[in-house]
Amino acid sequence: QVLPLSPSSTTKSTSSSAMFWNKPPAPAPAPAPADSSSISTSRINRRVHLSSYLEHPILKPSTRKVSNDDTIYDTVFQTTNGFALIIRVYLPVDTTRAPSMTLHGVRASHNWLDIRMKVIGYAPISSDQRWASSNLKLGDAVYAVIHHFQLTPPSILDITDTNLKRLQKTLSPPTRPTPGTANMRPSGPSEATNNPTMGGERAPTVEKKVNYDVEDYEVDALIPPVPSSFLKIDNMPLSELQQILDDKTTLQSFIDETSEVKTLKELKQSIETANVHSAEANLAHEEKIEGLCAEVETLKQDLNSKIEQYRKLDAERVAMTHPPDLQDAIKELNKAKKDAYRESEALGNQWVESGGENVSDFVKEFMEVRLLYHTRAAKAERLENSM
């Protein structure tokens, strides 16, 4: 359980550098992840999560909404080494999904951060299942993450947020509290990016836009430049420096303890951790993706078969509906005209040979065939004249 500070120990400062920091009572370790067979959906609804965060006795004064809806919030805090940081919290509308947290406005290295400054080291929010099984409220989770960053601050490589950079210049390294005390000071509403009009600039509304591509320049920006000098070495007596150079073990230990080397190792570890998380996430979807690929291949074959069938039927349709060649049409009409003429002549001969009875029936039938003959002859003649 996260133990909040009593109201008497929480003070407000009207100074622009008022931030909360200190070693607050350590939150209890996150519950161990439950077995997959026992994981169930969290019974804590979204309204309770938000209330635990926004009404948290320590986090509330330093927390502001930065999105149009109620999904993204910023909380400003100060680490024990004097840096002001912003933890950006995203609570999905879908209560079955875990919240996510990132350090906003800085580039830093820490074993809890990936290259996108997303918090990956806090187990309860590492997956939807762990979040559901942890039964933690959002306020407790945010408090635990901030507490960890306060006591083990990340190595800050660059401050990218203008307001945060301006605020950082006003801060002086905090005086560590005496053991057993905790005077975490909440920041006032006028600070960092929480102030919509700080310095005459309105903080932009956060857009929920996700970009999964990492450019080379982003990686390069995280790597600190090679120092032009090392003050510790410059101020070291020659005899002591010679002793370090003569002992390879001491030399290696000295190099490993330099802040530049530590920063690089932290960066390397954060990248490796992020790669492992990405690989595990990909492997978790391997079976589903293979099933989808097999289904797509089957649908592709069915589609190809139907396309081939469609092409055959379409060719037949074109052949049936395509206007005939003019010469072929004239030939067909002339042939049909001759057939009608022969049929009318045969009718006349047959009537004469039969004795000439039923004149009216003969005339009717003869005229129908003869009319067909003249119609076909007229059509053939018109087609010939149109060429």
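Residues numbered from 1 in each chain as written. Predicted model: local features only at pLDDT ≥ 70, side-chain atom pairs only at ≥ 80, totals over all residues. Heavy atoms only, no water.

A. The arrangement of the nonpolar core in detail. Ranked by internal contacts, the top residues of the largest apolar core, which has 38 residues, are Ile87, Met101, Val119, Tyr122 and Val142. The set of elements that each furnish at least two residues to this core consists of helix H1 (46-54), strand E2 (72-78), strand E3 (84-90), strand E4 (100-104), strand E5 (106-109), helix H3 (138-151) and helix H4 (162-170). Per-element tally for this core: the top contributor is H3, with eight residues. Among all residues touching methionine 101, those that are not within four sequence positions of it are Ile87, Arg88, Val89, Met117, Lys118, Val119, Ile125, Ala141, Val142 and Val145. (Core = buried A, V, L, I, M, F, W, Y, C linked by side-chain atoms within 4.5 Å. Buried < 20%, exposed > 50% of the residue type's maximum accessible area, 1.4 Å probe, protein only. Helix = DSSP H or I, 4+ residues; strand = E, 2+ residues; numbered from the N terminus. Contact = heavy atoms within 4.5 Å.)

B. Just a negative patch on the surface, in detail. A surface patch of negative charge is lined by Glu343, Asp361, Glu365 and Glu368. No other element matches helix H12 (residues 359-386), which puts three residues into the negative patch. Its place among the elements puts glutamate 368 in helix H12. (Patch = residues over 30% accessible without salt bridge, like charges linked within 9 Å, V, L, I, M, F, W, Y side chains within 5 Å. Areas by Shrake-Rupley, 256 points an atom, 1.4 Å probe, with all protein chains shown as cover. Salt bridge = Lys/Arg side-chain N within 4 Å of Asp/Glu carboxyl O. Lys, Arg positive; Asp, Glu negative; His and termini not counted. Charge placed at Lys NZ, Arg CZ, Asp CG, Glu CD.)

C. The arrangement of the packing of H1 against H3 in detail. At a closest axis distance of 6 Å, the pairing of H1 and H3 adopts a crossing angle of 45°. In this view, H1 runs oblique relative to H3, as classed from their interaxial angle. Listed contacts from H3 to His49, Ser52 and Tyr53 of H1 are Leu138, Gly139 and Val142. (Axes fitted to C-alpha atoms, helices over the stretch in contact; angles between N-to-C directions. Parallel < 35°, antiparallel > 145°, perpendicular 65-115°, else oblique.)

D. Fine view of the sheet that holds E3. Reading across from one edge, E1-E2-E3-E4 is the order of the four strands in this open sheet, with antiparallel pairing throughout. If you trace the sheet from one side to the other, it starts and ends with strand E1 (63-65) and E4, each paired once. Neighbour to neighbour, the strand axes of the sheet diverge by 25° on average, direction disregarded. Looking at chain direction, E2 and E3 are connected through seven bridges and run antiparallel. The residue of E3 that forms the bridge with isoleucine 72 is tyrosine 90. Sheet strands touched by H1: E1, E2 and E3. Its angle to E2, the strand with the most contacts, is close to 25°. Docked against the sheet, H3 engages E2, E3 and E4, running at close to 150° with respect to E3. (Pairing = 2+ DSSP bridges.)

E. A look at the environment of alanine 336. Mapped onto the elements of the fold, alanine 336 is located in helix H11 (residues 326-353). On the accessibility criterion, alanine 336 (17% relative accessible area) is buried. In the structure, alanine 336 is positioned 40 residues away from arginine 376 in sequence and 7.0 Å away in space, judged by C-alpha atoms.

F. Representation of the pattern of salt bridges in the model. Scanning the model with the defined rule gives eleven salt bridges in all. Among the salt bridges present, the one from lysine 265 reaches aspartate 256, with a minimum N-O distance of 3.3 Å. Aspartate 256 gets classed as partly exposed once you look at its relative accessible area, which sits at 24%. When the shortest N-O distance is used, the salt bridge between lysine 262 and glutamate 257 registers 3.3 Å.

G. Representation of unusual backbone geometry in the model. You will see that methionine 117, though not glycine, has its phi angle at about 65°, which is positive. Along the polypeptide, methionine 117 turns up in the loop between E5 and helix H2 (128-134). Its identity is not glycine, yet asparagine 135 carries a phi of approximately 55°, on the positive side.

H. Structural detail: the side chain of threonine 63. With respect to the secondary-structure elements, threonine 63 resides in strand E1. Here the side chain of threonine 63 touches leucine 59 through a polar contact of 2.7 Å, landing on its backbone oxygen. With near-sequence residues (within four places) excluded, threonine 63 lies in contact with Tyr53, Leu54, Tyr73, Asp74 and Thr75. (Polar contact = N/O pair within 3.5 Å; in protein donor to acceptor, adjacent residues only side chain to side chain.)

I. Molecular detail of the packing of aromatic side chains. Summed over the entire model, instances satisfying the criterion amount to six aromatic pairs. The interplanar angle of 50° and the centroid separation of 5.4 Å between the aromatic rings of tyrosine 341 and tyrosine 373 together place this pair among those described as tilted. Taken together, the residues tyrosine 341 in helix H11 and tyrosine 373 in helix H12 connect sequence positions 32 residues apart. Look at tyrosine 341 and you get partly exposed, because its relative accessible area is 36%. (Phe/Tyr/Trp six-rings, centres within 6.5 Å; stacked < 30°, edge-to-face > 60°.)

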